[in-house]
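# Survey of secondary and tertiary structure
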Amino acid sequence: MQIYWIKAQAPRRVLALAKYLGTETEFVEINLKKGELKSPGYAALNPNLKAPTLVDGEFVLWESSAIMAYLCIKAESDMWPANNPVEQVEVLKWLSWSDCHWSAAVSPFYFEHIVKATFGLGPPDRTSLKENVRDFMRFAKVLDSRLAGRSHVACGRLTIADFQLASMATHWQEAEMPMETFPNIIRWIAELNRIPAWADPWPAKALPSASAASA
Ligand SMILES: N[C@@H](CCC(=O)N[C@@H](CS)C(=O)NCC(=O)O)C(=O)O
């Protein structure tokens, strides 16, 4: 099994999960500078030209939440409750909410402060972020209320919904997200950061980038 990745938030949650579950995987870093993400070989795996992508024999899967569910099913982990329909839809609800609402609320902050710094795209535009504060507050309130008196978002234990929701929010301080009035989110993120695989999800040794180009 291979996971194609770049140093960004969607691959991050998949890599963290693979590490957490101890999944035997080849981690193939896509070389952005060499244009591997846009190469015909990679496009054949993932027509979105995005990362991550999982390849398991003939089976190819993109979308980080689907990949996380697949890794859990293979590992028989209840972080994706494949055998419990009620729990499964509870996790699915938060995955959907993340993709539809939370992600859009946090990503402008993450982009301006983290993505730009990671890929050398210039300084953050703090002025433009002012118009994103309202949406951030709106959806952070929903998540903070959910986490009041709870250790995790769904099922009373760690699930892939936590990794999905936390991948950008984990960087709230560096990304200057206005999180100060959401103590339950801050506590939840601090607890997640105590998980070694979450705190440091990046593969120790990246394979030579030629692997991605020839995919
Ligand atoms: N919904 C997708 C998002 C994939 C995605 O947007 N990946 C970003 C990194 S977080 C990417 O590959 N960006 C590179 C680009 O757009 O050139 C998932 O969860 O896998």
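The notes below deal with the structure included here. All figures in this text were calculated on a predicted structure; none of them were measured in a lab.

### Brief notes about unusual backbone geometry
- That bond from A51 to P52 is cis: its omega, 15°, falls within 30 degrees of zero.
- Even without glycine at this site, L49 takes up a positive phi of about 55°.
- Position of L49 among the secondary structure elements: in the loop between α2 (40-45) and β3 (53-56).
- One non-glycine residue, C155, lies in positive phi territory at about 65°.
- With respect to the helices and strands, the residue C155 is situated in the loop between α6 (133-147) and α7 (160-169).

### As for the pattern of salt bridges
- For the coordinates displayed, the defined rule picks out eight salt bridges.
- Residues K116 and E112 are paired through a salt bridge, measuring 2.7 Å at the closest nitrogen-oxygen approach. Residue K116 and its partner E112 are located together in helix α4 (residues 85-118), separated by four residues, close to a single helical turn. The pair K116 / E112 is uniform in exposure class, with both members buried.
- Here R126 makes a salt bridge to E176, at a shortest N to O gap of 2.7 Å. Pair noted here: R126 is in helix α5 (residues 126-129) and E176 is in the loop between α7 and α8 (183-192), with a separation of 50 residues, a long-range link.
- The exposure class of R126 is partly exposed, given its relative accessible area of 46%.
- Of the residues examined, E176 reaches a relative accessible area of 39% and is grouped as partly exposed.

### Focus on α6
- Taking 1.5 Å per residue as the helical rise, α6 with its 15 residues ought to reach 21 Å, and the 21 Å between its terminal C-alpha atoms agrees with that figure.
- Regarding α6, the residues found buried are F136, F139, A140, L143, D144, R146 and L147.
- The inward-facing, buried residues of α6 abut α4, α7 and α8.
- Within two residues after α6, G149 carries a phi angle of roughly 70°, on the positive side.

Rules used throughout
- Think of each chain on its own: its residues are numbered from 1, step by step along the sequence as written.
- The model is predicted, so local features are restricted to residues of pLDDT at least 70 and side-chain atom pairs to those at 80 or more, both for listing and for counting; the totals for chains, interfaces and linings are taken over all residues.
- By convention in this description, side-chain values take in all heavy atoms of the structure and omit both hydrogens and water.
- Secondary structure counts use DSSP, requiring at least four H or I residues in a row for a helix and at least two E residues in a row for a strand, with both numbered from the N terminus.
- A carboxyl oxygen of Asp or Glu within 4 Å of a side-chain nitrogen of Lys or Arg is what we treat as a salt bridge.
- The buried label goes to any residue with under 20% of its type's maximum accessible area, the exposed label to any with over 50%, and the partly exposed label to all in between, with areas taken from a 1.4 Å probe on protein chains only.
- A helix is expected to reach a length of 1.5 Å times the quantity of its residues less one.
- What makes two residues a contact is simply this: any of their non-hydrogen atoms within 4.5 Å.

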